[in-house]
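The residues making up each chain are set out below.
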Amino acid sequence: MINPSDTYAGVYFHIPFCKKACHYCNFHFSTSLQHKNELVEALLKEIDITRGKSTRLITSVYFGGGTPSLMLRKELRAIMEATRSSFKLMPDAEISFEVNPDDMNDATVPFWKQQGINRLSIGIQSFRDEDLQWMNRAHTADQALTAIALAKDAGFTNYSIDLIYGIPGLTDDAWRANLEQAITLGVPHISAYALTVEPRTALDAMINKGKKEPVDAEQQARQFILLMEILEQAGYEHYEISNFSLPGMHSRHNSSYWQGIPYFGFGPSAHSYDGISRYWNRSQNMEYIESLQSGIIPYEKEDLTDTQRLNEYIMTSLRTMEGIHLDRVQQEWGEENAGLLVKNSEKYMSRGMVVNNGNRIVLTREGKLFADGIAADLFQV
Ligand code: SF4
(Lines give C-alpha, C1' and ligand atoms only; values in the text may rest on other atoms or scores of the structure.)
Protein backbone atom coordinates (compact mmCIF):
# COMPACT_ATOMS: atom_id res chain seq x y z
CA MET A 1 0.00 0.00 0.00
CA ILE A 2 1.32 3.45 -0.87
CA ASN A 3 1.41 5.66 2.17
CA PRO A 4 0.27 9.11 0.97
CA SER A 5 2.60 10.69 3.51
CA ASP A 6 5.60 9.32 1.54
CA THR A 7 4.47 11.13 -1.58
CA TYR A 8 2.63 14.35 -0.80
CA ALA A 9 3.05 17.37 1.40
CA GLY A 10 1.64 20.85 2.02
CA VAL A 11 3.38 24.18 2.47
CA TYR A 12 2.34 26.81 5.02
CA PHE A 13 3.53 30.43 5.19
CA HIS A 14 2.91 32.46 8.33
CA ILE A 15 2.69 36.20 7.69
CA PRO A 16 2.78 37.67 11.21
CA PHE A 17 1.37 41.18 10.74
CA CYS A 18 -2.06 42.70 11.33
CA LYS A 19 -3.46 46.22 11.05
CA LYS A 20 -5.31 45.97 14.30
CA ALA A 21 -5.35 43.45 17.17
CA CYS A 22 -8.66 41.59 17.41
CA HIS A 23 -9.51 41.26 21.10
CA TYR A 24 -9.88 37.47 21.06
CA CYS A 25 -6.80 36.60 19.01
CA ASN A 26 -3.92 34.50 20.32
CA PHE A 27 -2.11 33.90 17.03
CA HIS A 28 1.39 35.21 16.57
CA PHE A 29 1.33 38.66 14.93
CA SER A 30 2.58 42.21 15.30
CA THR A 31 0.63 45.40 14.55
CA SER A 32 3.89 47.17 13.68
CA LEU A 33 4.63 46.68 9.99
CA GLN A 34 8.07 48.22 10.36
CA HIS A 35 10.03 45.01 9.71
CA LYS A 36 7.67 43.40 7.19
CA ASN A 37 10.06 43.63 4.28
CA GLU A 38 12.95 42.16 6.31
CA LEU A 39 10.69 39.40 7.50
CA VAL A 40 9.73 38.47 3.95
CA GLU A 41 13.46 38.43 3.08
CA ALA A 42 14.05 36.07 6.03
CA LEU A 43 11.18 33.87 4.91
CA LEU A 44 12.70 33.64 1.42
CA LYS A 45 15.99 32.65 3.04
CA GLU A 46 14.22 29.94 5.03
CA ILE A 47 12.72 28.56 1.81
CA ASP A 48 16.18 28.63 0.23
CA ILE A 49 17.73 26.70 3.14
CA THR A 50 14.96 24.11 3.00
CA ARG A 51 14.76 23.68 -0.78
CA GLY A 52 15.78 20.30 -2.12
CA LYS A 53 15.32 18.61 1.28
CA SER A 54 12.21 16.81 0.10
CA THR A 55 11.04 15.27 -3.13
CA ARG A 56 7.42 15.22 -2.04
CA LEU A 57 4.81 16.60 -4.40
CA ILE A 58 3.15 19.70 -3.00
CA THR A 59 -0.62 19.42 -3.20
CA SER A 60 -1.45 22.61 -1.32
CA VAL A 61 0.05 25.93 -0.28
CA TYR A 62 -1.54 28.01 2.46
CA PHE A 63 -0.79 31.62 3.38
CA GLY A 64 -2.00 32.23 6.95
CA GLY A 65 -1.25 34.61 9.75
CA GLY A 66 -1.56 37.28 10.80
CA THR A 67 -2.85 38.84 7.63
CA PRO A 68 -1.24 37.72 4.35
CA SER A 69 -3.33 40.30 2.46
CA LEU A 70 -1.13 43.00 4.01
CA MET A 71 1.77 41.89 1.83
CA LEU A 72 2.91 44.24 -0.90
CA ARG A 73 2.78 43.04 -4.49
CA LYS A 74 6.53 42.53 -4.70
CA GLU A 75 6.52 40.54 -1.44
CA LEU A 76 3.83 38.11 -2.56
CA ARG A 77 5.38 37.83 -6.02
CA ALA A 78 8.76 36.93 -4.50
CA ILE A 79 7.28 34.24 -2.24
CA MET A 80 5.26 32.73 -5.09
CA GLU A 81 8.33 32.64 -7.33
CA ALA A 82 10.40 31.00 -4.58
CA THR A 83 7.63 28.46 -3.97
CA ARG A 84 7.49 27.51 -7.64
CA SER A 85 11.24 27.23 -8.04
CA SER A 86 11.90 25.42 -4.75
CA PHE A 87 9.12 22.83 -4.54
CA LYS A 88 7.51 20.31 -6.85
CA LEU A 89 4.19 22.06 -6.99
CA MET A 90 1.43 19.94 -8.54
CA PRO A 91 -0.19 21.71 -11.51
CA ASP A 92 -3.57 21.66 -9.75
CA ALA A 93 -2.21 22.54 -6.29
CA GLU A 94 -4.66 24.37 -4.06
CA ILE A 95 -3.14 27.75 -3.19
CA SER A 96 -5.07 29.44 -0.38
CA PHE A 97 -4.62 32.99 0.80
CA GLU A 98 -6.09 34.40 4.02
CA VAL A 99 -7.42 37.90 3.45
CA ASN A 100 -9.23 40.52 5.47
CA PRO A 101 -12.15 42.36 3.82
CA ASP A 102 -10.54 45.79 4.34
CA ASP A 103 -7.58 44.78 2.15
CA MET A 104 -9.77 43.73 -0.76
CA ASN A 105 -10.36 46.06 -3.70
CA ASP A 106 -10.47 46.16 -7.52
CA ALA A 107 -6.68 46.10 -7.70
CA THR A 108 -5.62 43.63 -4.98
CA VAL A 109 -8.06 40.78 -5.60
CA PRO A 110 -7.31 40.35 -9.36
CA PHE A 111 -3.58 40.61 -8.55
CA TRP A 112 -3.79 37.71 -6.10
CA LYS A 113 -5.55 35.64 -8.74
CA GLN A 114 -2.93 36.54 -11.30
CA GLN A 115 -0.24 35.30 -8.90
CA GLY A 116 -1.80 31.83 -8.94
CA ILE A 117 -3.83 32.06 -5.72
CA ASN A 118 -6.87 29.90 -6.42
CA ARG A 119 -8.63 29.94 -3.05
CA LEU A 120 -9.37 32.86 -0.74
CA SER A 121 -10.12 32.48 2.94
CA ILE A 122 -11.91 35.69 3.91
CA GLY A 123 -11.93 36.75 7.58
CA ILE A 124 -15.51 38.00 7.68
CA GLN A 125 -16.42 36.72 11.19
CA SER A 126 -19.85 38.43 11.17
CA PHE A 127 -22.10 40.41 8.83
CA ARG A 128 -23.09 42.69 11.77
CA ASP A 129 -21.24 45.87 12.69
CA GLU A 130 -21.96 45.46 16.41
CA ASP A 131 -20.15 42.07 16.50
CA LEU A 132 -17.24 43.38 14.44
CA GLN A 133 -16.80 46.34 16.79
CA TRP A 134 -17.13 44.09 19.86
CA MET A 135 -14.28 41.93 18.51
CA ASN A 136 -12.22 44.98 17.43
CA ARG A 137 -12.11 43.84 13.81
CA ALA A 138 -10.68 46.28 11.27
CA HIS A 139 -13.58 46.00 8.78
CA THR A 140 -17.29 46.81 8.64
CA ALA A 141 -20.35 44.77 7.69
CA ASP A 142 -20.52 46.61 4.35
CA GLN A 143 -16.92 45.68 3.61
CA ALA A 144 -17.75 42.04 4.41
CA LEU A 145 -20.42 42.03 1.69
CA THR A 146 -18.18 43.87 -0.77
CA ALA A 147 -15.41 41.34 -0.08
CA ILE A 148 -17.54 38.47 -1.35
CA ALA A 149 -18.61 40.44 -4.43
CA LEU A 150 -14.97 41.28 -5.20
CA ALA A 151 -13.91 37.64 -4.88
CA LYS A 152 -16.69 36.56 -7.25
CA ASP A 153 -16.01 39.37 -9.73
CA ALA A 154 -12.35 38.40 -9.91
CA GLY A 155 -13.39 34.84 -10.81
CA PHE A 156 -12.70 33.09 -7.49
CA THR A 157 -15.10 30.16 -7.43
CA ASN A 158 -13.26 28.56 -4.52
CA TYR A 159 -13.36 30.72 -1.44
CA SER A 160 -14.19 30.37 2.22
CA ILE A 161 -15.44 32.72 4.89
CA ASP A 162 -14.79 32.54 8.63
CA LEU A 163 -17.71 33.16 10.97
CA ILE A 164 -17.73 33.35 14.77
CA TYR A 165 -20.66 32.43 17.02
CA GLY A 166 -21.26 32.63 20.75
CA ILE A 167 -20.36 36.34 20.82
CA PRO A 168 -22.16 38.14 23.68
CA GLY A 169 -24.95 40.14 22.03
CA LEU A 170 -25.26 37.77 19.06
CA THR A 171 -28.78 36.41 19.54
CA ASP A 172 -29.82 33.10 17.99
CA ASP A 173 -31.87 35.04 15.44
CA ALA A 174 -28.89 37.22 14.55
CA TRP A 175 -26.70 34.11 14.19
CA ARG A 176 -29.34 32.53 11.96
CA ALA A 177 -29.37 35.72 9.84
CA ASN A 178 -25.58 35.61 9.50
CA LEU A 179 -25.76 32.02 8.24
CA GLU A 180 -28.63 32.82 5.89
CA GLN A 181 -26.65 35.71 4.48
CA ALA A 182 -23.79 33.35 3.64
CA ILE A 183 -26.18 30.81 2.10
CA THR A 184 -27.93 33.47 0.00
CA LEU A 185 -24.58 34.65 -1.33
CA GLY A 186 -23.72 31.05 -2.32
CA VAL A 187 -20.51 30.96 -0.27
CA PRO A 188 -18.94 27.58 -1.11
CA HIS A 189 -17.04 27.01 2.16
CA ILE A 190 -17.66 28.21 5.70
CA SER A 191 -15.36 27.80 8.71
CA ALA A 192 -17.34 28.58 11.85
CA TYR A 193 -15.77 28.84 15.30
CA ALA A 194 -17.14 29.36 18.78
CA LEU A 195 -15.63 32.46 20.34
CA THR A 196 -13.02 31.18 22.77
CA VAL A 197 -11.42 33.26 25.49
CA GLU A 198 -7.75 32.35 25.34
CA PRO A 199 -5.55 33.19 28.31
CA ARG A 200 -3.50 36.39 28.04
CA THR A 201 -5.62 37.88 25.25
CA ALA A 202 -7.13 41.38 25.44
CA LEU A 203 -10.56 39.75 25.67
CA ASP A 204 -9.51 37.66 28.66
CA ALA A 205 -8.20 40.78 30.45
CA MET A 206 -11.37 42.77 29.65
CA ILE A 207 -13.63 40.00 30.94
CA ASN A 208 -11.56 39.69 34.12
CA LYS A 209 -11.87 43.43 34.70
CA GLY A 210 -15.64 43.31 34.08
CA LYS A 211 -15.34 45.46 30.95
CA LYS A 212 -16.81 42.80 28.67
CA GLU A 213 -19.44 40.16 29.22
CA PRO A 214 -18.13 36.60 29.57
CA VAL A 215 -19.08 34.05 26.92
CA ASP A 216 -22.04 31.81 27.63
CA ALA A 217 -21.44 28.07 27.06
CA GLU A 218 -25.14 27.37 26.60
CA GLN A 219 -25.48 30.05 23.92
CA GLN A 220 -22.45 28.56 22.15
CA ALA A 221 -23.91 25.02 22.24
CA ARG A 222 -27.28 26.28 20.96
CA GLN A 223 -25.65 28.23 18.15
CA PHE A 224 -23.47 25.24 17.20
CA ILE A 225 -26.64 23.15 16.83
CA LEU A 226 -28.25 25.90 14.75
CA LEU A 227 -25.12 26.03 12.60
CA MET A 228 -25.27 22.31 11.87
CA GLU A 229 -29.01 22.31 11.18
CA ILE A 230 -29.11 25.36 8.95
CA LEU A 231 -26.04 24.59 6.85
CA GLU A 232 -26.84 20.90 6.42
CA GLN A 233 -30.34 21.83 5.31
CA ALA A 234 -28.84 24.22 2.76
CA GLY A 235 -26.75 21.38 1.26
CA TYR A 236 -23.42 21.95 3.03
CA GLU A 237 -21.37 18.95 4.14
CA HIS A 238 -20.22 19.14 7.73
CA TYR A 239 -16.86 17.57 6.95
CA GLU A 240 -14.98 18.70 10.05
CA ILE A 241 -16.25 20.08 13.36
CA SER A 242 -15.62 23.70 12.33
CA ASN A 243 -15.82 23.30 8.54
CA PHE A 244 -18.73 23.11 6.12
CA SER A 245 -18.65 23.09 2.34
CA LEU A 246 -20.81 22.66 -0.69
CA PRO A 247 -20.04 19.32 -2.40
CA GLY A 248 -16.51 19.10 -3.79
CA MET A 249 -15.32 22.27 -2.04
CA HIS A 250 -13.47 20.82 0.97
CA SER A 251 -10.22 22.57 1.86
CA ARG A 252 -7.48 20.32 0.56
CA HIS A 253 -4.82 21.88 2.78
CA ASN A 254 -6.69 21.45 6.04
CA SER A 255 -7.85 17.97 5.07
CA SER A 256 -4.18 17.01 4.64
CA TYR A 257 -3.45 18.10 8.23
CA TRP A 258 -6.27 15.93 9.49
CA GLN A 259 -4.99 12.93 7.52
CA GLY A 260 -1.48 13.29 8.96
CA ILE A 261 0.12 14.28 5.63
CA PRO A 262 3.44 16.11 6.17
CA TYR A 263 3.75 19.86 5.74
CA PHE A 264 6.50 22.42 5.68
CA GLY A 265 5.91 25.61 7.65
CA PHE A 266 7.78 28.89 7.01
CA GLY A 267 7.80 32.08 9.05
CA PRO A 268 7.82 32.75 12.79
CA SER A 269 5.62 30.36 14.80
CA ALA A 270 5.01 28.14 11.74
CA HIS A 271 4.87 24.41 12.41
CA SER A 272 6.18 21.59 10.20
CA TYR A 273 5.61 17.85 10.33
CA ASP A 274 7.53 15.14 8.48
CA GLY A 275 5.48 12.12 9.55
CA ILE A 276 7.77 11.41 12.53
CA SER A 277 8.76 14.70 14.13
CA ARG A 278 7.11 18.03 14.68
CA TYR A 279 9.09 21.27 14.26
CA TRP A 280 8.10 24.81 15.10
CA ASN A 281 9.79 28.11 14.48
CA ARG A 282 10.06 30.38 17.48
CA SER A 283 7.37 33.07 17.70
CA GLN A 284 9.49 36.21 17.69
CA ASN A 285 9.76 38.33 14.56
CA MET A 286 13.12 39.98 15.28
CA GLU A 287 14.71 36.72 16.46
CA TYR A 288 13.47 35.07 13.27
CA ILE A 289 14.86 37.87 11.05
CA GLU A 290 18.25 38.08 12.78
CA SER A 291 18.71 34.33 12.96
CA LEU A 292 17.98 33.88 9.26
CA GLN A 293 20.29 36.76 8.40
CA SER A 294 22.98 34.44 9.82
CA GLY A 295 21.57 31.50 7.84
CA ILE A 296 20.02 29.69 10.84
CA ILE A 297 16.36 28.68 11.15
CA PRO A 298 15.32 29.34 14.78
CA TYR A 299 13.26 26.20 15.45
CA GLU A 300 12.51 23.61 18.06
CA LYS A 301 11.71 19.98 17.48
CA GLU A 302 9.84 17.16 19.11
CA ASP A 303 10.06 13.51 18.02
CA LEU A 304 6.63 11.99 18.35
CA THR A 305 6.27 8.59 19.99
CA ASP A 306 3.97 6.03 18.37
CA THR A 307 1.39 6.71 21.08
CA GLN A 308 1.54 10.48 20.49
CA ARG A 309 1.05 9.93 16.77
CA LEU A 310 -1.90 7.65 17.43
CA ASN A 311 -3.47 10.17 19.82
CA GLU A 312 -3.03 12.97 17.28
CA TYR A 313 -4.71 10.77 14.70
CA ILE A 314 -7.59 10.10 17.11
CA MET A 315 -8.00 13.83 17.88
CA THR A 316 -7.92 15.06 14.30
CA SER A 317 -9.79 12.24 12.58
CA LEU A 318 -12.62 12.05 15.10
CA ARG A 319 -13.40 15.69 14.29
CA THR A 320 -13.92 14.80 10.61
CA MET A 321 -16.90 13.20 8.87
CA GLU A 322 -14.64 10.25 7.98
CA GLY A 323 -13.98 9.50 11.63
CA ILE A 324 -11.30 7.13 12.94
CA HIS A 325 -10.41 4.43 10.41
CA LEU A 326 -9.95 1.29 12.47
CA ASP A 327 -8.07 -0.51 9.67
CA ARG A 328 -5.51 2.32 9.60
CA VAL A 329 -5.13 2.08 13.39
CA GLN A 330 -4.69 -1.67 13.07
CA GLN A 331 -2.07 -1.36 10.31
CA GLU A 332 -0.04 1.46 11.88
CA TRP A 333 -0.47 0.87 15.59
CA GLY A 334 -1.50 -2.79 15.88
CA GLU A 335 -4.56 -4.89 16.55
CA GLU A 336 -4.43 -4.37 20.29
CA ASN A 337 -4.76 -0.59 19.97
CA ALA A 338 -7.60 -0.92 17.46
CA GLY A 339 -9.42 -3.29 19.84
CA LEU A 340 -8.90 -0.92 22.78
CA LEU A 341 -10.28 1.96 20.78
CA VAL A 342 -13.46 0.03 19.99
CA LYS A 343 -13.81 -1.03 23.62
CA ASN A 344 -13.28 2.52 24.95
CA SER A 345 -15.79 3.97 22.49
CA GLU A 346 -18.57 1.59 23.54
CA LYS A 347 -19.85 3.84 26.31
CA TYR A 348 -20.24 6.67 23.78
CA MET A 349 -22.00 4.32 21.36
CA SER A 350 -24.52 3.38 24.01
CA ARG A 351 -25.16 7.10 24.67
CA GLY A 352 -25.67 7.77 20.95
CA MET A 353 -22.60 9.98 20.66
CA VAL A 354 -20.54 7.83 18.28
CA VAL A 355 -21.34 5.05 15.82
CA ASN A 356 -19.14 2.28 14.51
CA ASN A 357 -19.80 2.89 10.85
CA GLY A 358 -18.41 -0.14 8.99
CA ASN A 359 -14.90 -0.06 10.46
CA ARG A 360 -14.94 3.66 11.23
CA ILE A 361 -15.74 5.37 14.52
CA VAL A 362 -17.73 8.49 13.68
CA LEU A 363 -19.33 11.17 15.86
CA THR A 364 -23.09 11.60 15.76
CA ARG A 365 -24.59 15.11 15.84
CA GLU A 366 -24.93 14.80 19.63
CA GLY A 367 -21.31 13.61 19.88
CA LYS A 368 -20.07 16.61 17.88
CA LEU A 369 -20.96 18.83 20.83
CA PHE A 370 -18.36 16.96 22.90
CA ALA A 371 -15.82 16.11 20.19
CA ASP A 372 -12.63 17.12 22.00
CA GLY A 373 -13.68 15.54 25.30
CA ILE A 374 -14.55 12.23 23.62
CA ALA A 375 -11.29 12.23 21.65
CA ALA A 376 -9.27 12.90 24.83
CA ASP A 377 -11.06 10.05 26.56
CA LEU A 378 -10.18 7.70 23.68
CA PHE A 379 -6.48 8.56 23.87
CA GLN A 380 -4.21 5.58 24.44
CA VAL A 381 -1.64 5.77 27.24
S1 SF4 B 1 -6.72 39.68 11.81
FE2 SF4 B 1 -6.62 37.50 12.39
S3 SF4 B 1 -4.52 37.16 13.09
FE4 SF4 B 1 -4.86 39.40 13.04
S5 SF4 B 1 -5.47 39.92 15.12
FE6 SF4 B 1 -7.36 39.56 13.98
S7 SF4 B 1 -7.82 37.36 14.27
FE8 SF4 B 1 -5.70 37.70 14.89
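Here the structure is shown first, and the text comes after it.
Residues numbered from 1 in each chain as written. Predicted model: local features only at pLDDT ≥ 70, side-chain atom pairs only at ≥ 80, totals over all residues. Heavy atoms only, no water.

(A) Representation of empty space enclosed by the protein. Following the criterion strictly, the structure yields one cavity of 30 Å³ or more and no others. In this structure, the largest cavity spans a volume of roughly 30 Å³. Lining the largest cavity, in full, are Thr 50, Arg 51, Gly 52, Lys 53, Ser 54, Ser 86, Phe 87 and Phe 264. (1 Å grid on protein atoms, 1.4 Å probe; cavity = no way out; pocket = protein on both sides within 12 Å on 5 of 7 lines; lining within 4 Å. Points joined across faces, edges and corners; volume = space filled by probe spheres on them.)

(B) Layout of the site of the ligand. The environment of the ligand is formed by Cys 18, Lys 20, Cys 22, Tyr 24, Cys 25, Phe 27, Phe 29, Gly 66, Thr 67, Asn 100 and Arg 137. Grouping the constituent residues of the shell around the ligand by class yields six nonpolar, three polar and two charged. (Near = heavy atom within 4 Å. Nonpolar A, V, L, I, M, F, W, Y, C, P; charged D, E, K, R; others polar.)

(C) Highlighting the sheet that holds strand β14 (residues 354-356). Read across the sheet, three strands follow the order β13-β15-β14 without closing on themselves; strand pairing throughout is antiparallel. The open sheet is flanked by β13 (324-325) and β14, the only strands paired with a single partner. As paired strands, β13 and strand β15 (residues 360-363) are joined by two bridges and run antiparallel to one another. Following the sheet pairing, His 325 is matched in β15 by Arg 360. Across the sheet, helix α14 (residues 335-350) touches β13, β14 and β15, and the angle it forms with β14 is around 130 degrees. (Pairing = 2+ DSSP bridges. Helix = DSSP H or I, 4+ residues; strand = E, 2+ residues; numbered from the N terminus. Contact = heavy atoms within 4.5 Å. Axes fitted to C-alpha atoms, helices over the stretch in contact; angles between N-to-C directions.)

(D) Expanded view of the packing of aromatic side chains. Applying the stated criterion across every chain, the model contains 14 aromatic pairs. Ring centres of Tyr 12 and Tyr 62 lie 6.1 Å apart, and the angle between their planes is 20 degrees; on these two criteria the pair is classed as stacked. Of this pair, Tyr 12 sits in strand β1 (residues 8-15) while Tyr 62 sits in strand β2 (residues 57-65); the two residues are 50 residues apart in sequence, bridging distant segments of the chain. Of the two residues examined, Tyr 12 and Tyr 62, each falls in the buried class. (Phe/Tyr/Trp six-rings, centres within 6.5 Å; stacked < 30°, edge-to-face > 60°. Buried < 20%, exposed > 50% of the residue type's maximum accessible area, 1.4 Å probe, protein only.)

(E) Just the pattern of salt bridges, in detail. Applying the stated rule across the entire model yields 20 salt bridges. Ionic pairing is found between Arg 365 and Glu 232, a salt bridge with its closest N-O pair at 2.5 Å. Taken together, the residues Arg 365 in helix α15 (residues 365-368) and Glu 232 in helix α9 (residues 217-233) connect sequence positions 133 residues apart. The class of Arg 365 is partly exposed, set by a relative accessible area of 35%. For Glu 240, the salt bridge identified is with Arg 319, shortest N-O distance 2.9 Å. Residue Glu 240 is found in strand β7 (residues 237-240), and its partner Arg 319 is found in the loop between α12 (306-318) and β13; the two are separated by 79 residues along the sequence. For the pair shown, Glu 240 and Arg 319 are each scored as buried. (Salt bridge = Lys/Arg side-chain N within 4 Å of Asp/Glu carboxyl O.)

(F) Structural context of the environment of Pro 16. With respect to the helices and strands, Pro 16 occurs in the loop between β1 and α2 (36-50). Judged by relative accessible area, which is 0%, Pro 16 ranks as buried. For the pair formed by Pro 16 and Ala 270, sequence separation is 254 residues and the distance between their alpha carbons is 9.8 Å. Among residues more than four places away in sequence, those in contact with Pro 16 are His 28, Phe 29, Ser 30, Leu 39, Gly 66, Pro 268 and Asn 285.

(G) Structural view of the packing of α14 against helix α16 (residues 371-378). Taken N-terminus to C-terminus, the directions of α14 and α16 make an angle of 140 degrees; their axes are 9 Å apart at the nearest point. Note on packing geometry: the crossing formed by α14 with α16 is right-handed. Listed contacts from α16 to Leu 341, Asn 344, Ser 345, Lys 347 and Tyr 348 of α14 are Ile 374, Asp 377 and Leu 378. A per-class count over the contact of α14 with α16 returns four nonpolar, two polar and two charged. (Left-handed = near helix turned anticlockwise from the far one by under 90°.)

That is the geometry; function is a separate question.
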